[in-house]
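Chain and residue survey
Here is what each chain is made of, one letter per residue.
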Protein chains: 2
Amino acid sequence: MTFGEYIREIREEKQLLLREVASQMNIDTALLSKIERGTRLARKEQAEALAKALKQNKSELLQYWLADKIVYMLKEEKNITEILKIVEQKINRLSKK
Amino acid sequence: MTFGEYIREIREEKQLLLREVASQMNIDTALLSKIERGTRLARKEQAEALAKALKQNKSELLQYWLADKIVYMLKEEKNITEILKIVEQKINRLSKK
DNA sequence: TTTTGACTTGTCAATATTTGTCTAATGTAA
DNA sequence: TTACATTAGACAAATATTGACAAGTCAAAA
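Residues numbered from 1 in each chain as written. Chains lettered and ligands numbered in written order. Predicted model: local features only at pLDDT ≥ 70, side-chain atom pairs only at ≥ 80, totals over all residues. Heavy atoms only, no water.

The next subject is helix α3 (residues 29-37) of chain B. Each α-helix turn comprises 3.6 residues. Residues three or four places apart therefore point the same way. Residues and elements named next belong to chain B. Of the positions making up α3, those classed as buried are L32, I35 and E36. Projected down its long axis, α3 shows its buried positions confined to an angular sector of 95°, all on one face. Where α3 is buried, its residues contact α1 (3-13), α2 (18-25) and α4 (44-53). Where α3 starts, the residue carrying a side-chain oxygen 2.8 Å from the main-chain nitrogen of A30 turns out to be D28. Of the residues flanking the end of α3, it is G38, one or two places downstream, whose phi is positive at about 80°. (Buried < 20%, exposed > 50% of the residue type's maximum accessible area, 1.4 Å probe, protein only. Helix = DSSP H or I, 4+ residues; strand = E, 2+ residues; numbered from the N terminus. Arc of directions from axis to C-beta. Contact = heavy atoms within 4.5 Å. Polar contact = N/O pair within 3.5 Å; in protein donor to acceptor, adjacent residues only side chain to side chain.)

Sites flagged by UniProt as "domain: HTH cro/C1-type" (unreviewed entry) map to residues 7-61 of chain A. For the annotated span residues 7-61 of chain A, helix accounts for 69% and strand for 0% of the residues, and the straight-line distance between the end C-alpha atoms is 9 Å. (UniProt positions renumbered as here; feature names shortened; annotations may be inferred.)

Rotating chain A by 180° about the axis while translating it 0.0 Å along that axis superimposes it on chain B, leaving an RMSD of 0.1 Å. The transformation relating the two chain copies, once decomposed into turn and shift, fits a two-fold axis. Closest approach to the rotation axis within chain A is made by the C-alpha atom of I70(A), at a distance of 3.4 Å. Here 100% of the contact residues of chain A are again contact residues in chain B; the copies associate through an equivalent surface. (Least-squares fit on C-alpha atoms with pLDDT ≥ 70 in both.)

Facing the 27 residues of chain A at the interface are 27 residues of chain B. Across the chain A/chain B interface, buried area totals approximately 2,500 Å², and carbon plus sulfur atoms make up 74% of it. When the area that chain A buries against chain B is broken down by residue, the three leading residues are Q63(A), M73(A) and K90(A), summing to 24%. Joining chain A to chain B, the criterion identifies 2 salt bridges. The residue K90(A) makes a salt bridge to D68(B) at a minimum N-O spacing of 2.8 Å. Taken together, chain A and chain B are joined by 4 residue pairs in polar contact (both at pLDDT 80 or more). Elements with a contribution of two residues or more to the side of chain A that touches chain B: α5 (58-74) and α6 (80-96) of chain A. In terms of residue count, α6(A) provides more of the side of chain A that touches chain B than any other element does, 11 residues in total. Grouping the constituent residues of the side of chain A that touches chain B by class yields 16 nonpolar, 3 polar and 8 charged. (Buried area = accessible area lost by both parts, 1.4 Å probe. Salt bridge = Lys/Arg side-chain N within 4 Å of Asp/Glu carboxyl O. Nonpolar A, V, L, I, M, F, W, Y, C, P; charged D, E, K, R; others polar.)

Let us now look at the environment of I7(A). Residue and element names in this part refer to chain A. On the secondary structure map, I7 appears in helix α1 (residues 3-13). As a C-alpha pair, I7 and Q63 span 56 residues in sequence and 13 Å in three-dimensional space. Ignoring anything within four residues of it in the chain, the contact list for I7 reads I35, E36, L50, L54 and L61.

Below, the structure is given as structure tokens:
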């Protein structure tokens, strides 16, 4: 599930309208629609505003948001697993220092 | 080791000058210097050109380059491991489809 | 069928970011 | 000092991102 699908699901569970949530976020309804549908990426501040508007745990939602951005970077790649392994190695080395 | 450190190491092993490699890549020496020092990110085409100029396996170097970009995105985060887990889950779900 | 309301789409200007180069500075070995 | 390699800073140009608006679709209600 993408970030957009995820927040749409939550919004619908809570029976909120795009217009209501968007207004709380101070953005256009159209923009929120695009974010939910994945044709636009949310900015970090928007992800935060979403957490607030939807009463979700902020850092959790931000994690999900960032993970989504990474998936987006990787999605056309062939050896994703290999790349993620390299990432983990690099991270591990960083954290040791 | 970052992407920049890595290619610098290879360049020095081969005793090539920044100017020589940069010229093969059709970029300014200063830019290559910055890429090696990590103050600028290489673009994909530049990573490819580097592979050629340094006679490295292109897709391998590109993997390294992309991994580096992801590390760069993550480096300020707190729960990197958690985020990477989410990424893997998402990837796994994607590949099943 | 017409209207209404929710959502979506396309487009555009404004803004922000990235990019590459130039020049000047710094480092260094002869 | 000189010569050459590298680096730093500043800048304009190129690109990308952003948010809003207006017009569109769609479904349910009137």
